[in-house]
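Understanding the architecture of this molecule
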Amino acid sequence: MPFVLCPQHGGHGSAGGCRHIAERIATGGHLGELASITVEYNDFKLGPIWFCAECATQHGISAGGLSLKGADGLNLLYGLDWAPICPVCFRAAGGPDRLWTTT
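Description of the structure in this document. (Residues numbered from 1 in each chain as written. Predicted model: local features only at pLDDT ≥ 70, side-chain atom pairs only at ≥ 80, totals over all residues. Heavy atoms only, no water.)

This part is about the pairing of strand S5 (residues 44-52). As defined by bridge partners, strand S3 (residues 15-18) adjoins S5 across two bridges and the pair is classed as parallel. Bridge pairing in S5 places Gly-17 opposite Trp-50. Examined bridge by bridge, strand S4 (residues 34-41) and S5 share seven bridges and lie antiparallel to one another. Residue pairing in the sheet places Tyr-41 in a bridge with Phe-44 of S5. Hairpin connection between S4 and S5: a loop of two residues separates the two successive antiparallel strands, and Asn-42 in this loop has a positive phi of roughly 50°. (Pairing = 2+ DSSP bridges. Helix = DSSP H or I, 4+ residues; strand = E, 2+ residues; numbered from the N terminus.)

Bringing helix H3 (residues 70-79) into the picture now. Of all the residues in H3, the buried ones are Gly-73, Leu-74 and Leu-77. For H3, the arc enclosing every buried residue in end-on projection is 100°, short of the 170-degree limit, so these residues lie on one face. Structural note: H3 exposes Asp-72, Asn-75 and Gly-79 on the side pointing more than 90 degrees away from its buried face. (Buried < 20%, exposed > 50% of the residue type's maximum accessible area, 1.4 Å probe, protein only. Arc of directions from axis to C-beta.)

Tallied over the full model, the rule gives zero disulfides. Unpaired in this structure, Cys-89 has its nearest cysteine sulfur neighbour in Cys-6, at a distance of 3.8 Å. (Disulfide = S-S within 2.5 Å.)

We now examine unusual backbone geometry. With an omega of 10°, the peptide bond between Gly-47 and Pro-48 qualifies as cis. Within the secondary structure layout, Pro-48 lies in strand S5. With a phi close to 50°, Asn-42 is a non-glycine residue in the positive phi region. Topologically, Asn-42 is positioned in the loop between S4 and S5. The class of Asn-42 is exposed, set by a relative accessible area of 56%. For Asp-43, which is not glycine, the phi torsion reads 65° and is therefore positive.

Right under this line is the structure:
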């Protein structure tokens, strides 16, 4: 899990979101509708990584989210443009409380 050092909230394990989400948080905007991707790889679950409606549509992520498995899912996830973000800022901007998948 990436670690983020937020100037406002200190250090945390990070949430992950598309660049649009990161920009909206930085400018004080609301996140709107979100969709997520999770990947199961070698008995570990990665994500969710959150995407705005525009990015979700562009990458074929349904409103209910996308759950992938194996190397293909891992390659897709790491091929997408996303960034670590402060989980406290994410929630304050309207993000869901469910930031991580645990196994």
